[in-house]
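Examination of the molecular architecture
As a plain string of letters, each chain reads:
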Amino acid sequence: MPKPKLPPAKARVPLLIAELARLYPEHRTALDFRTPLELLVATILSAQCTDVRVNLVTPTLFARYRTAAEFAAADPAELEALLSSINFFRNKAKNVRAACERIVTVHGGEVPATLEDLAALPGVGRKTANVVLGDAFGIPGITVDTHVGRLSRRLGLTKHDDPVKVEYDLMKLVPQAEWTPFCHRVIYHGRQVCHARKPACENCTLAPLCPRIDVVTSSSLQVVTSVGPEPPARARGKKAPTTDSST
Ligand code: SF4
């Protein structure tokens, strides 16, 4: 599949937004929740774990603990037992209790609605904070998980591996009102088409807009390292780190 010559990212982003919206008209987190607290807890639990598995656990969990105060006062062994089917459950149980303790002592029991306050909670980084802001409070946020980082680089929207730098690059390119839906849709596309190891470029409707930075295809066996005025691509083979521990 030949790699297209493309205009700069700024000119391509509106077209990418439109095509992603056409592909994925629904845009919300796959985690089940009813309140900001439930989304916060579910997002902490989803680190390096599938949303499906988290959704299997949370109905029982949220029936047992209904408030931040109840989570903060949870018996550690009981909480761990409820989370035992989730990876790193001991550490996550500790983080959930510690985050809820801070919510009770510093924020009067209510999940705070600013990036700074959320990111100051134990076990919560910018990624989790932006998920909660966008999906629980309707405040636009750029969530850079492994999919958003990878696709942003392949699409030539950033040259960075550092999630915070990717976040700032996307903030400059994507209109603020689109931040949350754009990230959800990029995550869907990363899961369904633009896989980490073998992106399905031949079946991807973003292909005419995508320079496929660092993507080696069987037909080209060639690495594209720059597009238009974009900065040089990052070194190949490096995995995108995430701000939180989640993927
Ligand atoms: S699948 Fe290929 S063409 Fe589609 S977004 Fe990923 S790298 Fe670009």
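Before reading further, recall that the structure is shown in the block above.
Once a new chain begins, its residue numbering starts again from 1 and follows that chain's sequence as written. This being a predicted model, a pLDDT of at least 70 is required before a residue's local features are given, and a value of 80 or more before pairs of side-chain atoms are given or counted; all residues contribute to the totals for chains, interfaces and linings.

**Observations concerning the overall build of the protein**
- Secondary structure assignment for the protein yields 11 helices and zero strands.
- Under the scheme used here, helices are H or I runs from DSSP no shorter than 4 residues and strands are E runs no shorter than 2 residues, and both carry numbers assigned from the N terminus. Order of helices (α) and strands (β) in the protein, N terminus to C terminus: α-α-α-α-α-α-α-α-α-α-α.

**Some details on the site of the ligand**
- What surrounds the ligand is a group of 14 residues, the closest being Cys194, Pro199, Cys201, Cys204 and Cys210.
- Partitioned by chemical class, the residues of the shell around the ligand number 12 nonpolar, no polar and two charged. Here, nearness is defined through the C-beta atom: a residue counts as near a molecule or strand if that backbone-placed atom lies within 6 Å of it. Amino acids are sorted into nonpolar (Ala, Val, Leu, Ile, Met, Phe, Trp, Tyr, Cys and Pro), charged (Asp, Glu, Lys and Arg) and polar (every other residue, Gly among them).

**Overview of the nonpolar core**
- Core analysis: the largest hydrophobic core is formed by 31 residues, its most contacted members being Leu40, Val41, Ile44, Leu45, Val96, Ala99 and Val132.
- Put simply, the parts of the chain that give this core at least two residues each are α2 (36-45), α3 (51-64), α4 (68-72), α6 (89-107) and α8 (126-136).
- Tallying contributions element by element places α2 first for this core, with seven residues.
- Two residues qualify as being in contact provided that their C-beta atoms, derived from the backbone, are within 7 Å of each other. Ile44 has contacts with Lys92, Asn95, Val96, Ala99, Gly123, Val124 and Thr128, leaving out every residue within four places of it along the chain.
- One finds Val144, Leu170, Cys183 and Leu209 within the second-largest nonpolar core, a separate group that totals 23 residues. Linking buried Ala, Val, Leu, Ile, Met, Phe, Trp, Tyr and Cys residues through C-beta atoms within 7 Å yields a set, and such a set is a nonpolar core. Residues are called buried when their C-beta atom has 20 or more other C-beta atoms within 10 Å, exposed when it has 12 or fewer, and partly exposed otherwise; all C-beta atoms are positioned from the backbone.

**Structural notes on unusual backbone geometry**
- If you check the backbone angles, Gln48 has positive phi at about 50 degrees while not being a glycine.
- A count of 14 C-beta atoms within 10 Å places Gln48 in the partly exposed class.
- Unusually for a residue other than glycine, Asp214 sits at a positive phi of about 70 degrees.
- Tracing the backbone shows Asp214 in the segment after α11 (179-192).

Remember, this is a structural readout, not a statement about activity or role.
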